[in-house]
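# Understanding the architecture of this molecule
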Amino acid sequence: MNTKMKLRSAIAILLSALLVLSIVGCSKKSTKKEEKKTSKPKVTEKQEKNRKAAYSVYKNVIEQNATAIKAYSWQTVPGKETYNTRGIDRPISLCDIDGDKIPELFFFTSQNQGIARLHIYTFNGKEAVELSYAGFDDGVNGSKLSDIMAGAGTSYVVYKGKESNTLYIYDSNGDDYMQYNIHRYVMKNSKLELVEILSNRVGQDDSGNTSDIYKRNGKTVPGAQGAKSFTTSFAQFDKAIIFSTYREENNVSLWKKFSFDGALCISYDQAIAKLSEK
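Residues numbered from 1 in each chain as written. Predicted model: local features only at pLDDT ≥ 70, side-chain atom pairs only at ≥ 80, totals over all residues. Heavy atoms only, no water.

## Side note on unusual backbone geometry
Note the cut-off: The secondary structure listing takes helices from DSSP runs of H or I that are at least 4 residues long and strands from runs of E that are at least 2 residues long, numbered from the N terminus. For each residue, the accessible area found with a 1.4 Å probe, counting protein chains only, is set against the maximum for its type, and the residue is called buried under 20%, exposed over 50%, and partly exposed in between.
A positive phi angle is found at Asp 89, which is not glycine, with a value near 50 degrees. Residue position: Asp 89 is located in the loop between α3 (66–70) and β1 (92–95). A residue is classified by how much of its surface remains accessible, and Asp 89, at 31% relative accessible area, is partly exposed. Unusually for a residue other than glycine, Asn 189 sits at a positive phi of about 50 degrees. Here Asn 189 shows up in the loop between β8 (178–188) and β9 (191–204).

## Brief notes about the environment of Pro 78
What counts here: Contacts between residues were defined by any pair of non-hydrogen atoms, one from each residue, lying within 4.5 Å.
By secondary structure assignment, the location of Pro 78 is in the loop between α3 and β1. Given a relative accessible area of 23%, Pro 78 falls into the partly exposed group. Measuring from C-alpha to C-alpha, the distance between Pro 78 and Tyr 246 comes to 5.1 Å, with 168 residues separating the pair along the chain. Leaving out residues up to four positions away in the same chain, Pro 78 has contacts with Thr 245, Tyr 246, Arg 247, Glu 248 and Phe 260.

## Things to note about the pairing of β9
Keep this limit in mind: What makes two strands pair is DSSP finding at least two bridges between them.
Relative to β9, β8 runs antiparallel, the two sharing 11 bridges. For Val 186, the partnering residue across the bridge sits in β9 and is Glu 193. Two strands pair when backbone bridges link them, and β9 and strand β10 (residues 210–216) are joined in this way by 7 bridges, in the antiparallel orientation. What sits directly across from Ser 199, in β10, is Lys 215. Between β9 and the antiparallel strand that follows it, β10, lie 5 residues; Gly 208 among them carries a positive phi value of about 85 degrees.

## Let's talk about the pairing of strand β7 (residues 166–174)
β7 sits mainly inside the fold: 8 of its 9 residues count as buried. The antiparallel pairing of strand β6 (residues 155–161) with β7 creates a hairpin that spans 4 residues between the two strands, and Asn 165 there sits at a positive phi of about 60 degrees. Across 9 bridges, β7 lies against β8 in antiparallel orientation. Within the sheet, the bridge partner assigned to Ser 172 lies in β8 and is Tyr 180. Hairpin connection from β7 to β8: 3 residues lie between these consecutive antiparallel strands.

## What to know about the sheet that holds β6
Here is the rule we go by: Only the stretch in contact is used when a helix axis is fitted, and all axes are lines through C-alpha atoms; the angle between N-to-C directions ranges over 0 to 180 degrees.
Strand order in the open sheet formed by 7 strands is β11-β10-β9-β8-β7-β6-β12, and the pairing between neighbours is antiparallel. Every interior strand has two partners, whereas the edge strands, β11 (219–221) and β12 (237–244), have only one. Going across the sheet, the axis of each strand differs from the next one's by a mean of 25 degrees, ignoring polarity. The pairing of β6 with β12 spans 6 bridges and is antiparallel. Each residue of the ladder has a partner; that of Val 157, found in β12, is Phe 243.

See the structure below:
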């Protein structure tokens, strides 16, 4: 082999080696990027210990309320009849709102026929504490979201917001009119603070004309502004915690942001099994 051929051969081998090293390097970088994307935040030993302790006391809470939880029989989805049979039986949910890696406990109970109310609990390091949340004062059982099986029925979605420590409650009800509401809360220091109420009442006024009134924190706002506020709140949707709807609300985009099967809510028996995990 002459000198030129040897030189060409050496250059070819060198280029091939550099190409291989380049591919390997890119592959490692790509793998590291993927690992960063898919890796979950680490849970400390203390957080895991607190989670287990929370699950233990949460289990006691729902066992103590078992009869009232099981009496809530009309949680449903469109098209499923609940007058002569039970609904979907998913009245309990777990979701971390304040970011401490320990989920809050959500569940409905029914002491009165046709009225169920939402309870929210957190774990303070020692015991389960029921959280109060303003905005739903019905004069009977304090401030709680109620699912009332009367008139047009109640539809609702309790969901975690994209912003840190935020919880949203959407509900609608009515009869000869429809009332749509969104309550936004921020959870700090084991408390839920109500920061905004949006409402939209659609129906007929005393003259028989269509009335479409939006309010923010009790004050009437222009229709375009009110509609935009609802859309903005729906855009903050992160996870569906618990829900129920009697009807197709095609005018409410929130229902298109999650699948019924994908919501976090589970049955009583599933909740007992999950809270029993070691």
